[in-house]
Amino acid sequence: MLSAQNFGESGKMKEYHYTGPVEHRFSPYAFNGGTVLAVAGEDFAIVASDTRLSEGYSIHSRDSPKCYKLTDTTVIGCSGFHGDCLTLTKIIDARLKMYKHSNNKTMTSGAIAAMLSTILYSRRFFPYYVYNIIGGLDEQGKGAVYSFDPVGSYQRDTYKAGGSASAMLQPLLDNQIGFKNMEGVEHVPLSKDKAVQLVKDVFISAAERDVYTGDALRICIITKEGIQEQNIPLRKD
Amino acid sequence: MALSNVLESPASGFNFDNAARNAAFEGLFEEGHPPKPMKTGTTIAGVVFKDGVVLGADTRATSSEVVADKMCAKIHYISPNIYCCGAGTAADTEKTTDLLSSNLTVFSLNSGRNPRVVMAVNILQDMLYRYHGQIGANLILGGVDCTGNHLYTVGPYGSVTKVPYLAMGSGDLAALGILEDGFKHDLELEKAKELVRDSIHAGIMSDLGSGNNIDICVITKQGVDYIRPFQESEYKDTRKPKYKYRPGTTPVLTKKVVPLKLEVVEETQQRMDTV
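No experiment lies behind these values; they were computed from the predicted model shown. Every residue gets a number counted from 1 within its own chain, in the order that chain's sequence is written. Naming scheme: in the order in which they are written, chains are lettered from A and ligands are numbered from 1. Note on the predicted model: pLDDT of at least 70 is required for a residue's local features to be given, and 80 or more for side-chain atom pairs to be given and counted; whole-chain, interface and lining totals, by contrast, use all residues. Side-chain measures here rest on the full set of heavy atoms in the structure, leaving out hydrogens and waters.

Another point: the overall build of chain B. The number of helices and strands found in chain B is 5 helices and 12 strands. Exposed residues in this analysis have more than 50% of their type's maximum accessible area, buried residues have under 20%, and partly exposed residues fall in between, with area computed by a 1.4 Å probe over protein chains only. Within chain B, the fraction of its 275 residues that count as buried is 41%. A sequence separation of at least 24 residues applies to 62% of the contacts in chain B between residues at least 6 apart. Each accessible area is a Shrake-Rupley estimate made with a 1.4 Å probe; only the visible protein chains count as cover when residues are assessed. With the model as given, the accessible surface of chain B reaches about 16,300 Å², and the carbon-plus-sulfur share is 54%. Strands are runs of DSSP state E lasting at least two residues, helices are runs of H or I lasting at least four, and both sets are numbered from the N terminus onward. The contact rule is simple, with two residues in contact once any of their heavy atoms fall within 4.5 Å.

Below is the structure:
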């Protein structure tokens, strides 16, 4: 097919040459969509994710939540390539068991975060294509959120969104939880109910505009009493 | 009588005026990533029934993975008896159908006849083949004329198929499944509308590029019934406007007032006749 690529400078046609057999590389990664969100409060943490698993323009599953319970006080949200998400959570579970057997205590959220960073960096040159966010309670019982990039860089945050709709959610969270770009507003500490309502609203908005987010929302609320789960339906189209 | 066109067809077959410009253009963007045109990522379908043609479409327009328009109109007017559903690049379907509509209006004014569906198809095929697929328009043309009820599809490279039922767009396989199962010749109007609605609904649920509402257009000898929306999405936007910002939330850093000096040049009074 004649196209603009056949024209070099000055509008003259480029020399026609046979390019030879073209190698089509097999890509070991796929993008399965999904959005994850975590918020840390005074004495609680919330990890929420949508439950849609997609590939290209198709839907693989409408009920594939991306939050995985690690311990009684820690939940991890993983989005990106589903194959790597599954393997990574299996590896983390195994390491948690090993730690428990060696040290006779459960890993704390901070320790899990540090360990995950080394696990991810060990695959620096063939990364796990996963965007992780850990939400839990730290040793003092305060809410903690740790956000990661695919190769293990992490930091502790108050709130973080990751996955396909992260660019839509993060600015709204910056404004409503971080009180950014606002003046003369009283910095009220976030209550658990207000945080849950905010998470629901923010996901409904994301489902309106992001095609990879939808179907249902799974919210895990972590308090010292334990982990409570809620399921809210989202747009299915 | 010579046929006149809104835009003159070029004298020779292929027109490469813009090819050199496009090649230079691509180099200007960083990393060789020119802006991607907005695609509609659609489900469109059409069915010929006993008294005419039913066309259906969803209303979502996507710009890669973001929904750009939740209520876009994909069924375009061509002439009083011909309508066209468009899938592919949004700008291409809009402009191509507009151009086609103008050409057919000029024809009917010149000849005093209603345009036939085959004429629309031939003009489209001509234009799309001339551009060798660079115009990304997948169109479903349906209409009723003196020779009967017709449904055609025109592809971006200029291919034409005449069929009694079809679906196009990213959700076409889902919609075609429903159409293949439910289609019969000489359906009644209500059954035909149901069938098209079900096929677009299948596209909306199974395809990420389609969504929101369903539009239907029924064309018969008596006239056209453009129902927009035929069915509103069951997922209503129930967000309450509770995120309010007090005046003064955005800080004013500097203020500059520039008075406009206006002088009265002319003053007239016009009496209006009011009963």
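Per the secondary structure count, chain A includes 4 helices and 12 strands. Seen through its C-alpha atoms, chain A measures out along the principal axes to roughly 70 × 50 × 35 Å. Counting across all 237 residues of chain A, residues that qualify as buried make up 50%. Looking at chain A alone, contacts between residues at least 24 apart form 59% of all its contacts between residues at least 6 apart. Carbon and sulfur atoms provide 53% of the accessible area of chain A, an area that totals close to 12,200 Å². Charged residues are defined here as Lys and Arg on the positive side and Asp and Glu on the negative side; His and the ends of the chain fall outside this count. To locate a charge, the coordinates of NZ of Lys, CZ of Arg, CG of Asp or CD of Glu are taken. Here chain A contributes 26 positively and 26 negatively charged side chains, and the mean placements of these two sets differ by 4 Å.

Here we take up the UniProt feature "active site" (unreviewed entry) in chain B. Residues and elements named next belong to chain B. UniProt positions are given in the numbering used here, feature names are shortened, and annotations may be inferred rather than shown by experiment. UniProt's feature table lists "active site" (unreviewed entry) at Thr42, given in the numbering used throughout. Structurally, the position occupied by threonine 42 is in the loop between helix H1 (19-28) and strand S1 (44-49). Residue contacts for threonine 42: discarding those within four places in its chain leaves Asp58, Lys74, Gly86, Ala87, Met168, Gly169, Ser170, Gly171, Asp207, Gly209 and Ser210.

A word on the pattern of salt bridges. Whenever Lys or Arg places a side-chain nitrogen within 4 Å of a carboxyl oxygen from Asp or Glu, that contact is recorded as a salt bridge. Counting across every chain of the model gives 16 salt bridges over all chains. Glutamate 208 of chain A is the partner of lysine 70 of chain B in a salt bridge, and the nearest nitrogen-oxygen pair spans 2.6 Å. You can see lysine 70 of chain B sitting in the loop between strand S4 (66-69) and strand S5 (75-79) and its partner glutamate 208 of chain A sitting in helix H4 (residues 192-209), one on each of two chains. Three or more residues joined by partner-sharing salt bridges are found here, namely Glu208, Arg235 and Asp237 of chain A together with Arg60 and Lys70 of chain B.

Scored from 0 to 100, pLDDT reflects the predictor's confidence in each residue. Per-residue confidence for chain B averages 87 on the pLDDT scale, and 89% of its residues sit at or above 70. Our summary of model confidence lists the complex with pTM equal to 0.81 and ipTM equal to 0.79.

Here we come to the packing of aromatic side chains. Residue and element names in this part refer to chain A. The aromatic pairing rule takes the rings of Phe, Tyr and Trp, using the six-membered ring of Trp, and pairs them if the centres are within 6.5 Å, calling planes under 30 degrees apart stacked, those over 60 edge-to-face and the rest tilted. Tallying each qualifying case throughout the model produces 11 aromatic pairs over all chains. Note on phenylalanine 31 and tyrosine 212: the rings are 5.6 Å apart at their centroids and 85° apart in plane angle, and the pair reads as edge-to-face. Residue phenylalanine 31 is located in the segment before strand S1 (35-40), and its partner tyrosine 212 is located in the loop between H4 and strand S11 (216-223); the two are separated by 181 residues in the primary sequence. Here the aromatic rings of phenylalanine 148 and tyrosine 154 are separated by 5.2 Å at their centres, their planes lie at 10°, and the arrangement is stacked. Each member of the aromatic cluster is reached from another via a ring pair, and the members are Tyr29, Phe31, Phe81, Phe126, Tyr129, Tyr131 and Tyr212. A cation sits over an aromatic face here: arginine 123 above tyrosine 128, 4.5 Å from the ring centre. Lysine and arginine charges are scored as sitting over a ring when NZ or CZ, respectively, is within 6 Å of the ring centre and within 35 degrees of the ring normal.

Bringing the interface of chain B and chain A into the picture now. The partner chain A presents 36 residues to the 38 residues of chain B that form the contact. By convention, the term buried area covers the 1.4 Å-probe accessible surface removed from two parts as they join, with the contributions of both added. Taking both partners together, chain B and chain A bury about 3,200 Å²; carbon and sulfur atoms supply 54% of that area. Seen at the junction of chain B and chain A, the total is 2 salt bridges. Definition of a polar contact: a pair of N or O atoms within 3.5 Å, with one able to donate and the other able to accept a hydrogen when the atoms are protein atoms, and with sequence-neighbouring residues admitted only if both atoms are side-chain atoms. There are 15 residue pairs in polar contact (both at pLDDT 80 or more) connecting chain B and chain A. Residues are grouped as follows: Ala, Val, Leu, Ile, Met, Phe, Trp, Tyr, Cys and Pro are nonpolar; Asp, Glu, Lys and Arg are charged; every other residue, Gly included, is polar. Of the residues belonging to the side of chain B that touches chain A, the class tally is 15 nonpolar, 14 polar and 9 charged.

All right, on to the nonpolar core then. Residue and element names in this part refer to chain A. Within this scheme, the nonpolar core is defined by two criteria: the residues are buried Ala, Val, Leu, Ile, Met, Phe, Trp, Tyr or Cys, and they are joined through side-chain atoms within 4.5 Å. Membership of the largest hydrophobic core comes to 25 residues, with the highest contact counts inside it found for Leu37, Val39, Ile46, Leu173, Val199 and Ile219. Counting residues per element, the ones that place at least two in this core are S1, strand S2 (45-50), strand S10 (159-163), helix H3 (166-176), H4 and S11. No other element matches the 8 residues that H4 contributes to this core. Discounting chain neighbours no more than four positions away, the residues touching leucine 37 are Ile46, Val47, Ala48, Lys160, Ala161, Leu169, Leu173, Val199, Val202 and Phe203. Cys85, Ile112, Leu116 and Tyr146 belong to the second largest nonpolar core, which has 21 residues in total.

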